[in-house]
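Summary of the model geometry
For reference, the chains in residue letters:
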Amino acid sequence: MKYRHSLLPSSLNGLRVFEAAARHLSFTQAATELNVTQSAVSRQIRQLEDHLGFPLFIRQHRSLTLTGEGKEIALLLTRQYSDLNGMIRQLKTKENAPLRVKVAMSFGVRWLIPRLHSFKEQYPSLDIVLTSVLGFEDTALRLDDDDYDVAIYGLHRDPKSQYHKNMLRKEYLAPVYSELLTKTDKAISVDELLTYPRLHPTPDRSDWREWLKRNHKSELMNNSGLTFDTLDMALTSCFAGQGVTITDLMLVVHELKQGYLKLPRSATIIDSPWQYYYHCQLESDAVTNFITWLTEQLETEQAEMFEMAKQKGWQIIENQN
């Protein structure tokens, strides 16, 4: 009898080990993922190479590089394993399975959680499991993991990105403050605002730098004050009157409407280089309903924010690049 897949190794475990090692370009990280030893990974790769009759890796002193053949096999395996994993996930999905949402911390705390009740009112029998990560970008959320159905994250603006079709909204930045800081209910000017202590929502202080640059005030960049690693901490400090911070206004629409936070007179709002996106692991009614609700909520609040800006004389500057 002639075997149909005669060129494949008798055990497919070697291919699984190779796929992990190729994805990480590290035997050590592949071993950690597969819960085996580094020497076991190395041995499996050697056996696979012996069976195939050509090398898969170029082994250097402290690094691994895929050969041309290795790249082609790794690309095929990663795609096929991903498709197979997705199919199994869908087959295992039941009507009463929870909706698992993974979200960047600030978006989850400042926006999603306070509004999630309205989604639950529409789908009261649907259980939701919400997890968060401190990172904002897709690498921090590990989009290749299996522990979520929908991920909400940020990417630098790129119309050519494969994720661009899943864009949720832009990020709109402006400086805000509390009356606890100024001790007056009268709006202050931008120049007055910049004399108060700065609250930096990111260690690299990039949001302040971008806003000042777009307002032709780069010379007023001030690295002193308080620096945080999450926007939520910077906003908490701002609410307490400890300084002025810069924030994505879409995360504080309610606070602006209630007057808990204020913008200076004639403030300029810029669209950030970052945008929010979503990524789905599978298609289901729960996922579709959640994305529809999410999109409608964001569109409504963006319209409210634009209307508020018009009424208060805030200028919105869109980057045309």
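Every value quoted in this text rests on a predicted model; they were computed, and no experiment measured them.

Concerning the side chain of Ser 272
Examined against the element boundaries, Ser 272 turns out to sit in strand β10 (residues 268-280). A relative accessible area of 1% places Ser 272 in the buried class. A polar side-chain atom of Ser 272 sits 2.9 Å from the main-chain amide nitrogen of Trp 274.

Comments concerning the pairing of β10
Here β10 lies mainly inside the structure; 10 of its 13 residues are buried. Looking at chain direction, strand β5 (residues 150-156) and β10 are connected through 7 bridges and run antiparallel. The residue of β10 that forms the bridge with Val 150 is Cys 280. Sheet topology note: the strand β6 (residues 167-176)/β10 ladder contains 5 bridges and is antiparallel. In the sheet register, Leu 173 faces β10, and the bridge partner there is Ile 270. Sheet analysis places β10 next to strand β11 (residues 315-317), joined by 3 bridges and oriented parallel. For Ile 269, the partnering residue across the bridge sits in β11 and is Ile 316.

Topic: the pattern of salt bridges
Should the charged atoms of two oppositely charged side chains come close, the side chains can pair. Following the criterion strictly, the structure yields 15 salt bridges and no others. Between Arg 59 and Glu 49 there is a salt bridge, with the nearest N and O atoms lying 3.0 Å from each other. Here Glu 49 lies in helix α3 (residues 38-52) and Arg 59 lies in strand β1 (residues 57-59), a separation of 10 residues in the sequence. Residue Glu 49 is classed as buried on the basis of its relative accessible area of 7%. Measuring nitrogen to oxygen at the nearest pair gives 2.4 Å for the salt bridge that ties Glu 301 to Arg 115. Taken as a pair, Glu 301 in helix α12 (residues 285-312) and Arg 115 in helix α5 (residues 105-122) lie far apart in primary sequence, 186 residues in all.

Let's talk about the nonpolar core
One finds Phe 107, Ile 152, Leu 249, Leu 263, Ile 269, Phe 290 and Leu 294 to be the most contacted residues of the largest nonpolar core, which totals 44 residues. In terms of residue count, the dominant contributor to this core is α12 (9 residues). Listed in part, the 19 residues of the second largest apolar core include Ala 22, Ala 31, Val 41 and Leu 64.

Remarks on the packing of aromatic side chains
Within the structure shown, the criterion is met by 12 aromatic pairs. Each ring, one from Phe 107 and one from Tyr 276, has its centre 4.9 Å from the other, and the planes form 45 degrees; the classification is tilted. With Phe 107 in helix α5 and Tyr 276 in strand β10, the pair connects residues that are 169 residues apart, well separated along the chain. For Phe 107, a relative accessible area of 1% corresponds to the buried category.

Quick look at a nonpolar patch on the surface
A surface patch of nonpolar side chains, amounting to about 210 Å² of accessible area, comprises Val 109, Ile 113 and Leu 130. Tracing the chain through its elements places Leu 130 in strand β4 (residues 128-133). Residue classification places Leu 130 among the partly exposed residues on the basis of a relative accessible area of 31%.

Some thoughts on the packing of helix α2 (residues 27-34) against α3
Where α2 meets α3, the axes come as close as 8 Å, and the angle between the chain directions of the two elements is 105 degrees. Considered as vectors, α2 and α3 are oriented roughly perpendicular to each other. Of α3, the residues touching α2 (which contributes Phe 27, Thr 28, Ala 30 and Ala 31) are Gln 38, Val 41, Ser 42 and Ile 45. Its residues assigned to classes, the contact of α2 with α3 comprises 5 nonpolar, 3 polar and no charged.

A look at unusual backbone geometry
Only a minority of non-glycine residues have a phi that is not negative, and only a minority of peptide bonds are not trans. With a phi angle near 60 degrees, Asn 35 is a residue other than glycine that sits in the positive phi range. Checked against the element boundaries, Asn 35 lands in the loop between α2 and α3. With a phi angle near 60 degrees, Lys 183 is a residue other than glycine that sits in the positive phi range. Checked against the element boundaries, Lys 183 lands in the loop between α7 (179-182) and α8 (190-193).

How each quantity is defined
- Residues numbered from 1 in each chain as written.
- Predicted model: local features only at pLDDT ≥ 70, side-chain atom pairs only at ≥ 80, totals over all residues.
- Heavy atoms only, no water.
- Helix = DSSP H or I, 4+ residues; strand = E, 2+ residues; numbered from the N terminus.
- Buried < 20%, exposed > 50% of the residue type's maximum accessible area, 1.4 Å probe, protein only.
- Polar contact = N/O pair within 3.5 Å; in protein donor to acceptor, adjacent residues only side chain to side chain.
- Pairing = 2+ DSSP bridges.
- Salt bridge = Lys/Arg side-chain N within 4 Å of Asp/Glu carboxyl O.
- Core = buried A, V, L, I, M, F, W, Y, C linked by side-chain atoms within 4.5 Å.
- Phe/Tyr/Trp six-rings, centres within 6.5 Å; stacked < 30°, edge-to-face > 60°.
- Patch = residues over 30% accessible without salt bridge, like charges linked within 9 Å, V, L, I, M, F, W, Y side chains within 5 Å.
- Areas by Shrake-Rupley, 256 points an atom, 1.4 Å probe, with all protein chains shown as cover.
- Axes fitted to C-alpha atoms, helices over the stretch in contact; angles between N-to-C directions.
- Parallel < 35°, antiparallel > 145°, perpendicular 65-115°, else oblique.
- Contact = heavy atoms within 4.5 Å.
- Nonpolar A, V, L, I, M, F, W, Y, C, P; charged D, E, K, R; others polar.

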